[in-house]
Amino acid sequence: MQPEDMRAMLERQKRAHLADMSPDAAQRMDRLDRLAAMTNENVDAISDAISADFGNRARQETLLADIYTVQSGVTHARRHVRSWMKPRRVATALTMRPGHNRLMPQPLGVVGVVSPWNYPYDLAIGPTLAAFAAGNRVMLKPSEVTPRTSELIARLAEKFFKPEELCVVLGDAKAGQAFTELPFDHLIFTGSTPVGRLVAQAAAKNLTPMTLELGGKSPAILDASADMDRATASIMHGKCFNAGQTCIAPDYVLAPKDRIGGFVETVAQ
């Protein structure tokens, strides 16, 4: 999709939002239901696409990391969406009495989602379902590094949603840059810290509010009372799951000096 096409789609979604600025619970539930159906009816296709993009990935890993997380996210959102929508009274300063304050949740409009390659379905659809629960419309830019999965998501989105509800933008890094420069009402980015800085700079041109979920260095801490066998098994599972490509995978271990040798020996086993 070319930059001018992205802008046209954004304008289309914004017009749709202005025509229906506060979708009721039934509309939000319907969109969540269609996301669930899109997922549940295409488990095999999603698993096959991810495996092909990765050069091989166990089906069980995809079921746990990309399918179940979306399914459970939809279930959680459906359970709570009505309470999330309700206005709530909040504390009012004495100097403002006899007035009172209410917190009224309202949709923002059009949310842009830029997702990475390491969990290509979950990290694309997870933020999308959150935006739907909040009453928003979504433009999604999945990773070009997982082209089969991204193309599948685009085809499924066309089947289950109107373009003014959910639009998937395919393209390379240049297309991704143009995407982040669009004047969204909110922009969600998941990825590396260096790219996150560039995305934040692009969004700043439009004063677009952002949610950044960036990778970092995650320590695992062992104290003197740690059960070495259990701790080591947990740490290595977290490190090796998805070939270590997880933003919160443990990168290093902090342990008392007298326990380092035991930890290394247990890992080597």
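Everything here concerns the structure above.
Residues numbered from 1 in each chain as written. Predicted model: local features only at pLDDT ≥ 70, side-chain atom pairs only at ≥ 80, totals over all residues. Heavy atoms only, no water.

**Q** Describe the layout of surface pockets, listing the residues and the values that go with them.
**A** Empty space among the atoms becomes apparent when a probe as large as a water molecule is rolled across them. By volume, the largest pocket is sized at about 1,100 Å³. If you go around the largest pocket, you meet 46 residues; those closest to its centre are P116, N118, T190, G191 and S192. Among the elements of the structure, α4 (59–85), α5 (122–133), α7 (173–180), β6 (186–191), α8 (193–204), β7 (210–214) and α9 (228–240) are those that each provide at least two residues to the lining of the largest pocket. Among the residues forming the lining of the largest pocket, the class breakdown is 20 nonpolar, 19 polar and 7 charged. (1 Å grid on protein atoms, 1.4 Å probe; cavity = no way out; pocket = protein on both sides within 12 Å on 5 of 7 lines; lining within 4 Å. Points joined across faces, edges and corners; volume = space filled by probe spheres on them. Helix = DSSP H or I, 4+ residues; strand = E, 2+ residues; numbered from the N terminus. Nonpolar A, V, L, I, M, F, W, Y, C, P; charged D, E, K, R; others polar.)

**Q** Please give an account of the pattern of salt bridges that cites residues and values.
**A** Applying the stated criterion to the full structure yields 12 salt bridges. R34 is the salt-bridge partner of E165, the closest N and O atoms lying 2.8 Å from each other. Of the two residues, E165 sits in the loop between α6 (147–160) and β5 (166–168) while R34 sits in helix α2 (residues 25–40), which places them 131 residues apart along the sequence. The two residues E165 and R34 agree in class, both being buried. (Salt bridge = Lys/Arg side-chain N within 4 Å of Asp/Glu carboxyl O. Buried < 20%, exposed > 50% of the residue type's maximum accessible area, 1.4 Å probe, protein only.)

**Q** Tell me about unusual backbone geometry, and name the residues and values.
**A** Residues R97 and P98 are joined by a peptide bond in cis, for which omega reads 10 degrees. Among the structural elements, P98 can be located in the loop between β1 (88–90) and β2 (101–103). At N242, a residue that is not glycine, the phi angle is positive and equals roughly 55 degrees. Tracing the sequence through the fold places N242 in the loop between α9 and β9 (250–254).

**Q** Describe the pairing of β7, and please don't skip the residues or the numbers.
**A** Across 5 bridges, β6 lies against β7 in parallel orientation. Residue T190 lies in a different strand from β7, and its bridge partner there is E213. The handedness of the β6 to β7 crossover, carried by α8, is right-handed. (Pairing = 2+ DSSP bridges. Right-handed = clockwise from strand over helix to strand, strands pointing away.)

**Q** Can you break down the nonpolar core residue by residue, with the values?
**A** Of all hydrophobic cores here, the largest spans 35 residues; its most connected members are M38, Y121, I125 and L140. Excluding residues that lie within four positions of it along the chain, I125 makes contacts with L35, M38, V70 and I153. With 17 residues, the next largest nonpolar core counts M9, M139, L182 and F184 among its residues. (Core = buried A, V, L, I, M, F, W, Y, C linked by side-chain atoms within 4.5 Å. Contact = heavy atoms within 4.5 Å.)

**Q** Report on α2, specifying residues and quantitative values.
**A** Compared with an ideal rise of 1.5 Å per residue, which puts 16 residues at 22 Å, α2 spans 22 Å between its outermost C-alpha atoms and is within 8% of the ideal. The set of residues buried in α2 consists of A25, R28, M29, R31, L32, R34, L35, A36, M38 and T39. Summarising the contacts, the buried residues of α2 are in contact with α3 (43–54), α4, α5, β4 (137–141) and α6. The distance from a side-chain oxygen at the start of α2 to the backbone nitrogen of A26 is 3.2 Å, and the residue carrying that oxygen is D24. (Expected span 1.5 Å × (residues − 1). Polar contact = N/O pair within 3.5 Å; in protein donor to acceptor, adjacent residues only side chain to side chain.)

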